[in-house]
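# An overview of the molecular structure
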Amino acid sequence: PDAVLARMRDEGVLCTVVDSEGRTNLLTLGWGLFGPHYHQQRPIMVIAITPRRYSFRFIESVPEFVIAA
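A short tour of the structure in this document, coming up.

## Side note on the sheet that holds strand β2 (residues 24-29)
The strand order across the open sheet formed by three strands is β2-β1-β5, and the pairing between neighbours is antiparallel. This sheet does not close on itself; its edge strands, each paired only once, are β2 and β5 (66-68). Mean inter-strand twist for the sheet, computed between neighbouring axes without regard to direction, equals 25°. The pairing of strand β1 (residues 13-18) with β2 spans six bridges and is antiparallel. Its bridge partner lying in β2, Thr16 is registered against Leu26.

## Section: the nonpolar core
Where a protein is soluble and globular, its nonpolar side chains tend to be buried together. In terms of nonpolar packing, the biggest core is built from 12 residues, these being Val4, Met8, Val13, Cys15, Val17, Leu27, Leu29, Met45, Ile47, Ile49, Phe58 and Ile59. At the level of elements, α1 (2-10), β1, β2 and α2 (55-61) are the ones that each hand at least two residues to this core. The element best represented in this core is β1, accounting for three residues. If we ignore the near neighbours within four places in the chain, the residues touching Phe58 are Val17, Val18, Asp19, Arg23, Thr24 and Asn25.

## With respect to the pattern of salt bridges
In the structure shown here, the tally under the stated rule is five salt bridges. Between Asp19 and Arg23 there is a salt bridge whose closest N-O contact spans 2.8 Å. In this structure, the salt-bridge partner of Arg57 is Asp19, at a minimum N-O distance of 3.5 Å. Pair noted here: Arg57 is in helix α2 and Asp19 is in the loop between β1 and β2, with a separation of 38 residues, a long-range link. Residue classification places Arg57 among the partly exposed positions, given a relative accessible area of 38%. A single salt-bridge network, built from bridges that share partners, covers Asp19, Glu21, Arg23 and Arg57.

So, how was this worked out
Residues numbered from 1 in each chain as written. Predicted model: local features only at pLDDT ≥ 70, side-chain atom pairs only at ≥ 80, totals over all residues. Heavy atoms only, no water. Pairing = 2+ DSSP bridges. Helix = DSSP H or I, 4+ residues; strand = E, 2+ residues; numbered from the N terminus. Axes fitted to C-alpha atoms, helices over the stretch in contact; angles between N-to-C directions. Core = buried A, V, L, I, M, F, W, Y, C linked by side-chain atoms within 4.5 Å. Buried < 20%, exposed > 50% of the residue type's maximum accessible area, 1.4 Å probe, protein only. Contact = heavy atoms within 4.5 Å. Salt bridge = Lys/Arg side-chain N within 4 Å of Asp/Glu carboxyl O.

Everything listed here is a matter of coordinates, which is why it stays silent on function.
As structure tokens, this is what we get:
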């Protein structure tokens, strides 16, 4: 989590989302929130996407995303 937050602050972090039809889209993240550790000590990252963004419907149809730091 610390490395991702530092990268987000200094350079930027990309988030990839895919909709139910397999189309992809990238978002640039300006902030994120890491939650408690679950299964196998992996942190959970929370992001927020406004409904006005193209990626919103992607994350609504497939509620998973990939972070590239």
